[in-house]
Amino acid sequence: MYDNLWQIITAGDYTLADITNKINVFWAESQLTDEQRTELLALAVENISTDQEKPELETTVGKLAARVTALEEAVAALQGGSSSTYPEWTSWDGVSDNYQYGAIVTHNGTLWVSTYKGQNVWEPGALGTDDLWKVYTETTESEA
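Residues numbered from 1 in each chain as written. Predicted model: local features only at pLDDT ≥ 70, side-chain atom pairs only at ≥ 80, totals over all residues. Heavy atoms only, no water.

**A word on the pairing of strand 1 (residues 104-107)**
Rule in force here: Relative accessibility under 20% of the residue-type maximum defines a buried residue, over 50% an exposed one, and the middle range a partly exposed one, all with a 1.4 Å probe and only protein chains included. Helix and strand labels come from DSSP, where a helix needs a run of H or I of at least four residues and a strand needs a run of E of at least two; each type is numbered from the N terminus. When DSSP finds two or more bridges between two strands, those strands count as paired.
The two faces of strand 1 match: Ile 104 and Thr 106 on one face and Val 105 and His 107 on the other face are all buried. Sheet analysis places strand 1 next to strand 2 (residues 110-114), joined by four bridges and oriented antiparallel. Bridging across to strand 2, Ile 104 finds its partner in Val 113. Between strand 1 and strand 2, which pair antiparallel in sequence order, lie two residues; one of them, Asn 108, sits at a positive phi of approximately 55 degrees.

Rendered as structure tokens:
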């Protein structure tokens, strides 16, 4: 089994998640030794084909870039930035955790703070969100 996996990896026709799973399954079934498993996992990382991983990597990098931007904006805001340094609210993408309790965003020219204990997926100022978002002001911060 080791030789077959080695050939697949050196050919580069695999995704890292798939080959890692296969290596671990064969190792768990005692078809690979600990040393063979370690060697194959290292080889898989070394020989990874960016073409095979590109869609997954692009998605991951895009999500990370969005989080870095949000963090940079939050840090700037904490360092005394103006309201323009707060991120603009966008609809929830189903993955991110940008709008946790205490998150501050701008929406329709108003600063809002999330008062929902969890991922706030609702639009600030929308009908029925009075208990989920509050208008953010200096007094709002001192009351918290």
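Now that the structure is up, let's keep going.
**Structural notes on the pattern of salt bridges**
Rules: Each salt bridge in this description consists of a side-chain nitrogen of Lys or Arg and a carboxyl oxygen of Asp or Glu lying within 4 Å of one another.
Evaluated as defined, the whole model comprises two salt bridges. Across the salt bridge formed by Asp 18 and Lys 22, the nearest N and O atoms sit 2.8 Å from each other. Taken together, the residues span about one helical turn, with Asp 18 and Lys 22 both in helix 2 (residues 16-28) at a distance of four residues. Looking at Lys 22, the relative accessible area reads 34%, which means it is partly exposed. For the salt bridge of Asp 97 with Arg 67, the shortest nitrogen-to-oxygen distance reads 3.3 Å. Taken together, the residues Asp 97 in the loop between helix 4 (50-78) and strand 1 and Arg 67 in helix 4 connect sequence positions 30 residues apart.

**Observations regarding the packing of helix 1 (residues 2-11) against helix 2**
Note the cut-off: Think of each axis as a best-fit line through the C-alpha atoms, taken over the contacting stretch in the case of a helix, with angles from 0 to 180 degrees between the N-to-C directions. An angle below 35 degrees is treated as roughly parallel, one above 145 as roughly antiparallel, one from 65 to 115 as roughly perpendicular, and anything else as oblique. In this analysis, two residues are considered to be in contact whenever any of their non-hydrogen atoms come within 4.5 Å of each other. Under the scheme applied, nonpolar residues are Ala, Val, Leu, Ile, Met, Phe, Trp, Tyr, Cys and Pro; charged residues are Asp, Glu, Lys and Arg; polar residues are all the others, including Gly.
Two elements in contact, helix 1 and helix 2, have axes separated by 11 Å at closest approach and are oriented at 170 degrees. Classed by the angle they form, the pair helix 1 and helix 2 counts as roughly antiparallel. Of the residues in helix 2, those in contact with Leu 5, Ile 8 and Ile 9 of helix 1 are Ile 19, Lys 22, Ile 23 and Phe 26. Counted by class, the contact of helix 1 with helix 2 contains six nonpolar, no polar and one charged residues.

**Concerning the pairing of strand 2**
Across the five residues of strand 2, four count as buried, placing the element largely inside the fold. Across three bridges, strand 2 lies against strand 3 (residues 133-135) in antiparallel orientation. The residue bridging Ser 114 from the neighbouring strand is Trp 133, located in strand 3.

**Brief notes about the environment of Val 121**
Secondary-structure assignment places Val 121 in the loop between strand 2 and strand 3. Along the chain, Val 121 and Asp 97 lie 24 residues apart, while their C-alpha atoms are 9.2 Å from each other.

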